[in-house]
Amino acid sequence: MSPRKKMETNSTRPANWSHFPTTRYYGSKRRLLPWIYDISSKISFNSVFDRFGGTGSVSLLFQNMGKKVTYHDALASNSISAHALLLANSINKNDVSLFFNAIQPKDGFISQTFNDIYYSNEENQWLDGAVQQIHLLDDGDFKNYSWYCLFQACLKKRPFNMFHRANYYLRTANVERKFGNLTTWNKSFLEHIDVANKEIYHYSQKRLPNIIDATILPSGEMKDQKIDADLVYLDPPYIGKSSCEDYFKRYHFLEGLTCYSEWANLIDGSKATKQIHTPEYLKSWHNKNKFKDILFKEIEKYRHKIVMLSYQTDGYPKVDSIYDYFVSLFTSVHIEKKPFTHALSKNKKTEVLIIGFPK
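A.B. asks: Would you take a moment to explain the nonpolar core for this structure?
C.D. replies: Soluble globular proteins tend to pack their nonpolar side chains together in the buried interior. Core analysis: the largest hydrophobic core is formed by 81 residues, its most contacted members being Phe100, Leu150, Phe253, Leu257 and Trp263. For this core, the leading source of residues is helix α7 (residues 140-156), giving 10 residues. In this view, Trp263 contacts Phe109, Ile110, Phe114, Phe253, Gly256, Leu257 and Ile276; residues no more than four positions away in its chain are not counted.

Shown next, in the form of structure tokens:
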């Protein structure tokens, strides 16, 4: 095995991420952007494929570095948000406020199905009204923008910002509380939408003139599209010692919002969370017995490009195993590590970037 190489990361002026919209999405790399910038700014490339795009934070970074970005994510809700974040628009934030303030609560699928699972019945009825009105919008840009604001509001009002547990009771339990999240959970959707609306509008006003609109691939399974990019950024689901980071499970409710009229036919009735059935192509990424093979196959697919893999030291397979595989494929391999703590966890982790340069 060739010796491990560490890239020179001299201090440079960071990209302008101070105006990037915030998110409560689990696993977002937003707080790591300065570190990712320091590393990627030393690499010569003009275009990038963000294969597991998620919140779009890394794509935003690359855009603000003047790179041409192609984005893909399996979840429809993330892809919709990417359209709002990664494409130029001329949406008036006052029009968004007027739209949401005019929403009338309705008795619909959400209030009939999810009572006291994620939100109160009154909140569910408001969501029914809002989702029905968004689906009626004809303006694609305005529709994506509205979805983005609603998704962010839904996240903020949830304990742990996810939908993997039917735990609305955490808001209503008469117990002593040692944290202030209850205030956030009990704020209205409109209050949270207003914050998201102002943040994304503020970013759009500060958007740098050299930014190139991203190419956003359709959500769902990644087919064998030909990717025109110099660098491929991979941030796959994380497999720990005993479990995987199942993003579909965590955000199935947001996925349901996007397919409101078909939602009832997609639910797994055996789940207390009323989760949508996980698509078959995602199950392999959540299976510890299959994960290594499909991860290595994904890396091999892009062996003729620069590949940057985002990973963690306590993941499976081990970093050494992945590093050795990179060495077998690429001429030069660099590895970077950074101690890191996720916002929702006190456990210290070490974030890893493994970068392979093609032969």
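A.B. asks: I keep staring at the sheet that holds strand β2 (residues 68-71) and nothing clicks. Help me out?
C.D. replies: Neighbouring strands of a sheet are bound in pairs by backbone hydrogen bonds; such pairs are parallel or else antiparallel. Spatially, 7 strands are ordered β3-β2-β1-β4-β5-β7-β6 in an open sheet, and the strand pairing comes out mixed. Looking at which strands have only one partner, the edges of the open sheet turn out to be β3 (215-216) and β6 (332-340). One ladder, built from 4 bridges, connects strand β1 (residues 47-50) with β2; its direction is parallel. Bridge assignment links Asp50 to a residue of β2, and that residue is Tyr71. The strands that helix α2 (residues 57-64) touches are β1, β2 and β4 (231-234); relative to β2, the one it contacts most, it runs at about 165°.

A.B. asks: Would you take a moment to explain the confidence of the model for the protein for this structure?
C.D. replies: Fine structural detail should not be taken from predicted coordinates in areas where pLDDT scores are low. Confidence along the protein averages 90 in pLDDT terms, with 92% of residues attaining 70 or more. Note that residues 1-6 has pLDDT below 50 and, in this model, 17 contacts with residues that lie over four places away or in other chains. Within the model, pLDDT remains below 50 along residues 9-13, and this stretch shows 10 contacts once partners closer than five positions in the same chain are excluded.

A.B. asks: How should the pattern of salt bridges be read in this particular structure?
C.D. replies: When charged atoms on two side chains of opposite charge get close, those side chains can pair. With the rule as written, the count across this model stands at 12 salt bridges. Asp213 is the salt-bridge partner of Arg207, the closest N and O atoms lying 3.1 Å from each other. Among the ionic pairs, Glu280 bridges to Lys283, the shortest N-O distance being 2.9 Å. Within this pair, Glu280 and its partner Lys283 are both found in helix α13 (residues 280-283), separated by 3 residues, close to a single helical turn. One connected set of salt bridges, linked through shared partners, spans Lys29, Asp235 and Glu351.

A.B. asks: Can you help me understand unusual backbone geometry in this one?
C.D. replies: Residues Tyr316 and Pro317 are joined by a peptide bond in cis, for which omega reads 0°. With phi around 65°, Phe160 is a residue other than glycine that occupies positive phi space. Looking at the secondary structure, you find Phe160 in the loop between α7 and α8 (169-172). In this structure Phe160 comes out as partly exposed when scored by relative accessible area, which is 39%. The phi torsion at Asn161 lies on the positive side, around 60°, for a residue other than glycine. Inspection of the secondary structure assignment puts Asn161 in the loop between α7 and α8. What makes Asn161 buried here is its relative accessible area of 7%.

A.B. asks: Mind showing me how you'd approach helix α14 (residues 288-301) here?
C.D. replies: Because each turn of an α-helix spans 3.6 residues, side chains separated by three or four positions in sequence point in the same direction. The first and last C-alpha atoms of α14 sit 20 Å apart over 14 residues, in line with the 20 Å expected at 1.5 Å per residue. All of the buried residues in α14 are Phe291, Leu295, Phe296, Glu298 and Ile299. With its buried residues spanning 155° around the axis, α14 presents them on a single face. Turned more than 90 degrees away from the buried face of α14, the exposed residues are Asn289, Asp293 and Lys297. Where α14 is buried, its residues meet β4, β5 (306-312) and α15 (319-329).

Cut-off values and rules
- Residues numbered from 1 in each chain as written.
- Predicted model: local features only at pLDDT ≥ 70, side-chain atom pairs only at ≥ 80, totals over all residues.
- Heavy atoms only, no water.
- Core = buried A, V, L, I, M, F, W, Y, C linked by side-chain atoms within 4.5 Å.
- Buried < 20%, exposed > 50% of the residue type's maximum accessible area, 1.4 Å probe, protein only.
- Helix = DSSP H or I, 4+ residues; strand = E, 2+ residues; numbered from the N terminus.
- Contact = heavy atoms within 4.5 Å.
- Pairing = 2+ DSSP bridges.
- Axes fitted to C-alpha atoms, helices over the stretch in contact; angles between N-to-C directions.
- pLDDT = per-residue confidence, 0-100.
- Salt bridge = Lys/Arg side-chain N within 4 Å of Asp/Glu carboxyl O.
- Expected span 1.5 Å × (residues − 1).
- Arc of directions from axis to C-beta.

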